[in-house]
Structures are given as structure tokens and as C-alpha cells.
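Close look at the chain arrangement
Now for the letters of each chain:
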Amino acid sequence: MKIAINDISDALKKIDIALVFGWQDVSQRYRRSRIGAFWITINMAVMIVALGIIFGTLFRMPMEEFLPQVAAGLIVWTFFMSVIMEGGASYIEASATILQVKMPFSTHIIRVLWRNLIIMAHNIIIIPFILIFFMKPMTMSVFLLPLGMIIGIVNVLWMAIFLSIVCTRFRDVPMIVQNVMQICFYATPIMWAPSILPDGMPQLLIQFNPFYHLLQVVRMPMLSETPDMVNWIVCISMAFFGWILALVFFDRYQQRITYWL
Amino acid sequence: MPHIELNAASVQFPIYNAKTRSLKNKFLQATTGGFINEEQDGRLVINGLNNITLSIHDGERVGLIGHNGSGKTTLLRVLSGIYIPNSGLATISGECVSLINISLGIDQEATGRDNIRLRAAMMGVSRHQLEQEYDNIAEFSGLGEFLDMPFRTYSSGMQMRLAFSVSTSIKPEILIMDEWLSTGDEDFKAKAEQRMSELVSNAHILILASHSRDLLLNNCERLIWLEHGSIRMDGPAEEVATAYFD
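Residues numbered from 1 in each chain as written. Chains lettered and ligands numbered in written order. Predicted model: local features only at pLDDT ≥ 70, side-chain atom pairs only at ≥ 80, totals over all residues. Heavy atoms only, no water.

**Concerning the sheet that holds strand 2 (residues 44-56) of chain B**
All names here are of chain B. Taken together, the 3 strands give an open sheet; going across it, the order is 2-1-4, and neighbouring strands pair in antiparallel fashion. Each edge of the open sheet is held by one strand with a lone partner, namely strand 2 and strand 4 (87-93). Averaged over all adjacent pairs, the angle separating strand axes in this sheet is 25°, with direction ignored. As judged from the 9 bridges shared by strand 1 (residues 3-15) and strand 2, these two strands associate in the antiparallel manner. (Pairing = 2+ DSSP bridges. Helix = DSSP H or I, 4+ residues; strand = E, 2+ residues; numbered from the N terminus. Axes fitted to C-alpha atoms, helices over the stretch in contact; angles between N-to-C directions.)

**Let's talk about the pattern of salt bridges**
Taken as a whole and assessed by the stated rule, the structure comprises 14 salt bridges over all chains. Salt-bridge contacts for Asp16 of chain A lead to Arg127 of chain B; the nearest nitrogen and oxygen are separated by 3.5 Å. You can see Asp16 of chain A sitting in helix 2 (residues 15-29) and its partner Arg127 of chain B sitting in helix 5 (residues 127-141), one on each of two chains. A relative accessible area of 24% means that Asp16 of chain A is categorised as partly exposed. Within the structure, one salt-bridge network assembled from shared partners comprises Asp25, Glu86, Arg111 and Arg115 of chain A. (Salt bridge = Lys/Arg side-chain N within 4 Å of Asp/Glu carboxyl O. Buried < 20%, exposed > 50% of the residue type's maximum accessible area, 1.4 Å probe, protein only.)

**Let's talk about empty space enclosed by the protein**
Counted by the stated rule, this structure contains 1 cavity of 30 Å³ or more. Considered as a void within the structure, the largest cavity measures approximately 50 Å³ in volume. Taken together, Ile17, Ala18, Phe21, Thr97, Met103, Thr107, His108 and Arg111 of chain A together with Met122 of chain B form the lining of the largest cavity. For the lining of the largest cavity, the elements supplying multiple residues, two or more each, are helix 2 and helix 7 (105-124) of chain A. Looking at the lining of the largest cavity residue by residue, the classes come out as 5 nonpolar, 3 polar and 1 charged. (1 Å grid on protein atoms, 1.4 Å probe; cavity = no way out; pocket = protein on both sides within 12 Å on 5 of 7 lines; lining within 4 Å. Points joined across faces, edges and corners; volume = space filled by probe spheres on them. Nonpolar A, V, L, I, M, F, W, Y, C, P; charged D, E, K, R; others polar.)

**Section: the sheet that holds strand 7 (residues 205-209) of chain B**
Residue and element names in this part refer to chain B. Spatially, the 6 strands line up as an open sheet ordered 5-6-7-3-8-9, and their pairing is mixed. Of all strands in the sheet, those bounded by a partner on one side alone are strand 5 (96-99) and strand 9 (230-236). When strand polarity is set aside, the average angle formed by the axes of neighbouring strands in this sheet is 15°. Bridge count for strand 6 (residues 174-178) against strand 7 is 5 bridges, and the pairing is parallel. Within strand 7, the residue paired with Ile174 across the bridge is Ile205. Relative to strand 6, helix 3 (residues 72-79) is tilted by about 160°, and along the sheet it contacts strand 3 (61-65), strand 5, strand 6, strand 7 and strand 8 (222-227). (Contact = heavy atoms within 4.5 Å.)

**With respect to a nonpolar patch on the surface**
Residues and elements named next belong to chain A. The grouping of Ile35, Phe38, Trp39, Ile42, Val46, Ile125 and Phe129 at the surface amounts to a nonpolar patch, some 660 Å² of accessible area in total. Looking at which element gives the most residues to the nonpolar patch, the answer is helix 3 (residues 38-58), with 4 residues. Tracing the chain through its elements places Ile125 in the loop between helix 7 and helix 8 (126-133). (Patch = residues over 30% accessible without salt bridge, like charges linked within 9 Å, V, L, I, M, F, W, Y side chains within 5 Å. Areas by Shrake-Rupley, 256 points an atom, 1.4 Å probe, with all protein chains shown as cover.)

**Some thoughts on the layout of surface pockets**
Roughly 1200 Å³ of internal volume is contained in the largest pocket. What lines the largest pocket is a set of 43 residues, among which Lys14, Lys102 and Met103 of chain A together with Ser80 and Gly81 of chain B lie closest to the centre. Across the lining of the largest pocket, the residue classes tally to 21 nonpolar, 15 polar and 7 charged. Shared between two domains, the lining of the largest pocket takes at least three residues from each, and those domains are domain 1 (3-94 + 209-245) and domain 2 (103-171 + 186-201) of chain B. In this model, the second largest pocket occupies a volume close to 430 Å³. No other element matches the 7 residues that helix 2 of chain A contributes to the lining of the second largest pocket. A breakdown of the residues in the lining of the second largest pocket according to their chemical character gives 11 nonpolar, 2 polar and 6 charged. (Domains from an automatic or database assignment.)

Structural data, given as C-alpha cells:
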């Protein structure tokens, strides 16, 4: 375990590097545009309104209930998915750096996390507007949001660490991950509400989707609602076992990563 | 005290062609069960370095020579701690900076000032350290008000000036270089030469890979001659240079 833990604690000591380059990644993308990074917000808002109206009409859902769900769902999902997929590809992307400069591998993962946190901060601006528009009252549950976010981040991080190793070694894995995430997007209640599922089996099956629970612990507090106890329990136990898996893997293969680039 | 110790260190690169690198084949291989033998499955191993044993102590100036493909870059990477040897041991104690690609980290769209920060971060300079050095770096580059312009508007000479100014601003214990850094017009060249010799004399250990006899003899008192990933000769600079170049 020593190699993995050293790598991570080194990366935390030198967190400046990850923060500088994560910030740079976002600002680089919008450098010459007039409204800059707020294109992130605009793109997301357009997507939320368009998808919200289309699917809301399709499923005959009341807008004041459906649109906030879609908004929070899409924002949280985009964050999870980007950290998992970009985190998985992070060593491949940073190969020029890895082969030149000795720095902790986790730095590249933290960079991806920070970049996506910045993007999410741009997107989350949309939520208060939607809540005000539909006159949704704020409740104390909103204070669960930081806790939900932390649990969400801890979970996507172990997935990113695990995948980064597998993706670097087997170059087909990034494409497989992409497909799996696409399926998960449809299988997780983001564009639809769990209430439209028929009773019995389908209602039960949704409980087996880990992303459903991950989504709930962040999305519900965002909309001033309280996640179920089962959401918290699943997420915390997933984080526990996931980190063990990721650390064992990272420890075993950390020194081989450079050779696979 | 900084020192470097390699004990029977070997580096082997696995070559995964499209066949072995895909998960599909891993899977198919497992299900067909061992009919494919090693040669047919396309697994190749390249020996980058064989059994390298050497120790470099505080104060040594070491040059690396050898033909293309002799393992110089690989050895430099082992010495910087980038490749961990497959077998054998590498102990590197000391803060190590390699000036191999001095433009790494630079963003074309960002201004000169931003790029000083980016390049410094890439070299592992902390925010606090950079604040102290920042004005010196800006002044040394001689770019003046161009520092507020995007990097892409610079001429290639100006780009090199900036990268050089930042990259040589920190004083590492172990300095690793692939060829000498020289850059700019006559004015800057003189400044750069001075900066380089300061850097080299301040470093506890210098490791310099080069093809230039004069450069090596001027800066190193010990030369290591690599051939096919092994040490062919290791000794006083004059002696090894005579054997290699003549």
C-alpha cells in the first residue's frame, strides 16, 4: 500500500500543480471568446430547457416537477461522467508530461477533478434560477449538499484511479467505458422519473444501479429534498470497497504506468 | 547529500502491438487456452538498459555519450526517477530537475506572464517560491511589455527566451540535461551562457548527455559511454572521450 499512499499524499502536497493546470484547461478552451467560460452555463441551460420540454411532454410530466429534476440530474451526471471518463484517460493525455517530469500520478487525476469542479460551478448557477422560476421553497435539506458532493467525489475518484490504470494498459477500455456510461445515462432516472416505472421488478432493479444512488445524494439536496437512507448507505459502502480496490490496483501497477505510455 | 546509486538496473519496454494491447485478444487468448505460444502472440520486449551499475556522488559532473539508440535518454529518465527499473535498484536522493524539453507546459494562447506561472508549476516550483523569483524571471527574459501579449504572438526566439528564463530560474540539486541550452540573439546568448554556468556550478550533481566533445570536456570530469543499453566505458573525461571520438 505504500506506493499508492505515497503517490496520493505527494500529489496533495504539491496540489498547486494540479490546480494551476486544471484551471488552465478551462480557461484555455474559452480564451478568445467574448463571454468566455459562461458558454458552459449557456450550453447546459439550453440543453436542460430543450430536453426538459421534449421529455416532459413525451412523458406527460408536470413541468414544475420534471424540469428541476432534469436540470439537477444533467448537471450532476455531466460532472460524474466527465471525471470518470477524463480521469480514465488522464495518463494517456498527459503522457508527454509523465515522460519528462517526475510528478505524482494522482496529480493528473486531481487536475481532471478540479477542471470538472470548475465546470460544475458554472453549471450550478442554473439551479437557483429554475427553483425561483417554479417557486420551489428552500428547506434545510440543502445543507446536505456539501456532504452529498463529498461522497459523490470520493466515489468517482476511486473509479477514475482504477480506470486510469486499466485504460492506459488496454487502449480499448476508454471506448468500452464510453459505451457503458452511455447506457448508464439512460438506465439512470435523469431524463425520466422513477415514478413512471411500473411497480414490482423495475422499481426494484433501479435500486441495483449504483449511479442512481450516487445521483440521489447530490441531486436531492440540490433541490432541497432529502435523500433516502438507503442512498447514503449504498454510496458510503461503495466508496469503502471501491477505494480498497483502487488502492490495491494503484499500488500494484503504479510503477508500470510509464512503460505503458 | 544528493547522490545517485544504480545497482544492476535494467529497463525493458514491453511492446504491445495492436494484438496484445486490446482486451479482446486477452479474452480470446484465455478462452482458446494456451495454444498460442509466446512468439505468435506478438509480445516483444526491448531491452532499453542492461544491468547498469553506477554511483554518482555529490559534486560530480557526469557526461553521457553514445550513439543514437544507445540508451542515453532512457538512462536520463531512470536518473530522473521517471522509469523505475524492472529489475535492480535505483536510489536517487536529492531534488532533481531535468531540462530536456524546456517548453513543456507552455500554452500558446496564454500571455507571457501566465506562461511563467504555468512553466514554473510544471517544474514543481511552489507558489511561494515563484513569487520570490517572478520579477527576476520577467526581467531576465527581457520581453518587457510583450509579457502581457499572448505567447503565440512571439517570434520563436522570444518564445525560447521566456522558456529559458523560467526553466533556469530554479537551482536544483541534481541537474539533468540533454544537450546544452543555448538560445537567442548575441545579447541574450551571453546572458544565457552566464546563467547556464551558474546553474551548472550551483548544482550538486550534473548529468549531461551530449554529442559534442568540447561541451563534455568543458563541463564534465567523468564520462559514461553507453552502447546497446550497457555501459561500455566509465571513467575520466579525457580518457573516455579519446576512446569514443577517435
